[in-house]
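# Summary of structural features
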Amino acid sequence: MRSRLRESVIAPAMAIVVTLAVFTAIGGLLVLLEPRSPSPAGLDTGLLAAPPGPTTVPPGRYGSGTLGPWQNLLRRITPDDQIRDVLTFNGIFMFGDSIAVQDGLALEQLLATRTGDSIAVHDWSGQPTSAAVDALAGWARDYGLPSRIVMAVGTNDIFDPPAFGAQVERTMAIAGPKRTVYWVNVEVSRFRQSADVQAADRANSAWINQQLEEAAARHPNLKIIHWSEFLNSQPAGLGKYLRDGVHTSSPVGRAARNDLIADALQGSP
């Protein structure tokens, strides 16, 4: 009698535990893959968990501060089977930072509608260009590469601009001369920082963009997507398109940046 009682209680309990474990595992996967908006308080780095109003950061070597820990921040990474599918149909590989994490799903939908292209992404908030290029090298080794690669990184390199140029060269070496690399240039001027930090952000952004221009002069298959020039040509200034001086506003800034990327890719082989 006691044995039957134990069986009638334990078996349902075990079933409940197994069911909860399965749902927990699925939930963890969704957290990894589902895009979420980063906090508007800071850059991609998690460095600035700032309250409303002006804030200050230590200037660092180049005036914009220093890159904080980013490895545990939000990311969107396409699963292996979908990466292989994209490669089979010669779609697009994209490597980005938190702007791409925020805007990536809308870009995927835009490309599917406008060009019919599929896209596999490795978008990770806070990552500097060196980490994105490491990911590119890993995908090249594990899967191979399609004919088009989008690099939407460089924003987090404002903390160490001299390191950027070597990473562009690494990218072009990995891609090789027969693939086209589309690189979104950068514009940072964090609204909540002091005037000195904002000035450093702009100067460091220009420094990064200059290195990108110089690399494009050496590599005919490097195409620059001129996000910075678009922003600086707007009569209303950056505020309409950037919600914090870094990340795009929604929907206006997001649509504008994604349109620039889609325009560059449209009609490309």
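Above this note sits the structure.
This report concerns the structure included in the present document. (Residues numbered from 1 in each chain as written. Predicted model: local features only at pLDDT ≥ 70, side-chain atom pairs only at ≥ 80, totals over all residues. Heavy atoms only, no water.)

## Considerations on the overall build of the chain
- Helix and strand counts for the chain stand at eight helices and six strands.
- Buried residues in the chain amount to 48% of all 269 residues.
- For the chain, the share of sequence-separated contacts (at least 6 apart) that also reach a separation of at least 24 residues comes to 79%.
- Counting every atom, the chain has about 12900 Å² of accessible surface; 60% of that belongs to carbon and sulfur. (Helix = DSSP H or I, 4+ residues; strand = E, 2+ residues; numbered from the N terminus. Buried < 20%, exposed > 50% of the residue type's maximum accessible area, 1.4 Å probe, protein only. Contact = heavy atoms within 4.5 Å. Areas by Shrake-Rupley, 256 points an atom, 1.4 Å probe, with all protein chains shown as cover.)

## Looking at the packing of aromatic side chains
- Inspection of the entire model under this criterion finds eight aromatic pairs.
- Here F230 and Y241 contribute two aromatic rings whose centre-to-centre distance is 5.2 Å and whose plane-to-plane angle is 80°, an arrangement assigned as edge-to-face. Taken together, the residues F230 in helix α7 (residues 227-232) and Y241 in the loop between α7 and α8 (252-265) connect sequence positions 11 residues apart.
- When its relative accessible area of 22% is taken as the criterion, F230 is described as partly exposed.
- Lying over the aromatic face of W124, R75 brings its terminal NZ or CZ to 4.8 Å of the ring centre.
- We note R257 situated over the ring of W227; from NZ or CZ to the ring centre the distance is 5.9 Å. (Phe/Tyr/Trp six-rings, centres within 6.5 Å; stacked < 30°, edge-to-face > 60°. Lys NZ or Arg CZ within 6 Å of the ring centre and 35° of its normal.)

## Details of the packing of helix α4 (residues 129-142) against helix α5 (residues 164-175)
- Between α4 and α5, the least distance of the axes is 9 Å, while the angle of their chain directions is 10°. Judged by the inter-axis angle, α4 sits roughly parallel to α5. Contacts between α4 and α5 involve T129, S130, V133, D134, L136, A137 and A140 on the former and, on the latter, F164, Q167, R170, T171 and I174.
- For the contact of α4 with α5, the residue count by class is six nonpolar, four polar and two charged. (Axes fitted to C-alpha atoms, helices over the stretch in contact; angles between N-to-C directions. Parallel < 35°, antiparallel > 145°, perpendicular 65-115°, else oblique. Nonpolar A, V, L, I, M, F, W, Y, C, P; charged D, E, K, R; others polar.)

## Comments concerning the nonpolar core
- Formed by 32 residues in total, the largest nonpolar core has its most connected members in F95, M151, W183 and L222.
- Of all the secondary-structure elements, those providing two or more residues to this core are α2 (80-88), β2 (92-96), α4, β4 (148-152), α5, β5 (180-184), α6 (195-218) and β6 (222-225).
- It is α4 that contributes the most residues to this core, five residues altogether.
- Sequence-distant contacts of W183, that is, excluding residues within four places in its chain, are made with T129, M151, V153, F164, Q167, V168, T171, L212, L222, K223, I224 and I225.
- Formed by 21 residues, the second largest nonpolar core is a distinct cluster that contains A100, V150, Y182 and L242. (Core = buried A, V, L, I, M, F, W, Y, C linked by side-chain atoms within 4.5 Å.)

## Some remarks on unusual backbone geometry
- Cis geometry is found at the peptide bond from S250 to P251, where omega equals 5°.
- In this structure, P251 sits in the loop between α7 and α8.
- One non-glycine residue with positive phi stands out, namely N90, at about 50°.
- As for its position among the elements, N90 is in the loop between α2 and β2.
- With relative accessibility at 32%, the residue N90 sits in the partly exposed group.

## Observations regarding the pairing of β4
- Counted residue by residue, β4 has five buried out of five residues, so it is predominantly covered.
- Across the two faces of β4 the burial is the same, with R148, V150 and A152 and I149 and M151 all buried.
- Two elements, β4 and β5, share four bridges in a ladder whose sense is parallel. Looking at β5, one finds that R148 is bridged to T180.
- The β-α-β motif built from β4, the intervening α5 and the parallel element β5 has right-handed crossover chirality. (Pairing = 2+ DSSP bridges. Right-handed = clockwise from strand over helix to strand, strands pointing away.)

## Re the side chain of N209
- On the secondary structure map, N209 appears in helix α6.
- With relative accessibility at 9%, the residue N209 sits in the buried group.
- Ignoring anything within four residues of it in the chain, the contact list for N209 reads N185, V186 and S228.

## Brief notes about the environment of T113
- With respect to the helices and strands, the residue T113 is situated in helix α3 (residues 98-114).
- From its side chain, T113 meets the backbone oxygen of Q109 in a polar contact 3.0 Å long. (Polar contact = N/O pair within 3.5 Å; in protein donor to acceptor, adjacent residues only side chain to side chain.)

## Quick look at α3
- For α3, spanning 17 residues, the distance from its first C-alpha to its last is 24 Å, which sits close to the expected 24 Å at 1.5 Å a residue.
- If you look at α3, its biggest bend is around 55°, right at G104.
- Against the buried residues of α3 lie β1 (75-77), β2, β3 (119-124) and α8.
- Near the N-terminus of α3, the side chain that reaches the backbone nitrogen of I99, with its oxygen 3.2 Å away, is that of D97.
- Two residues or fewer past α3, G116 is found with a positive phi of approximately 80°. (Expected span 1.5 Å × (residues − 1). Bend = angle between axes of the 7 residues up to and from the residue.)

Purely geometric stuff here, so don't read any function into it on its own.
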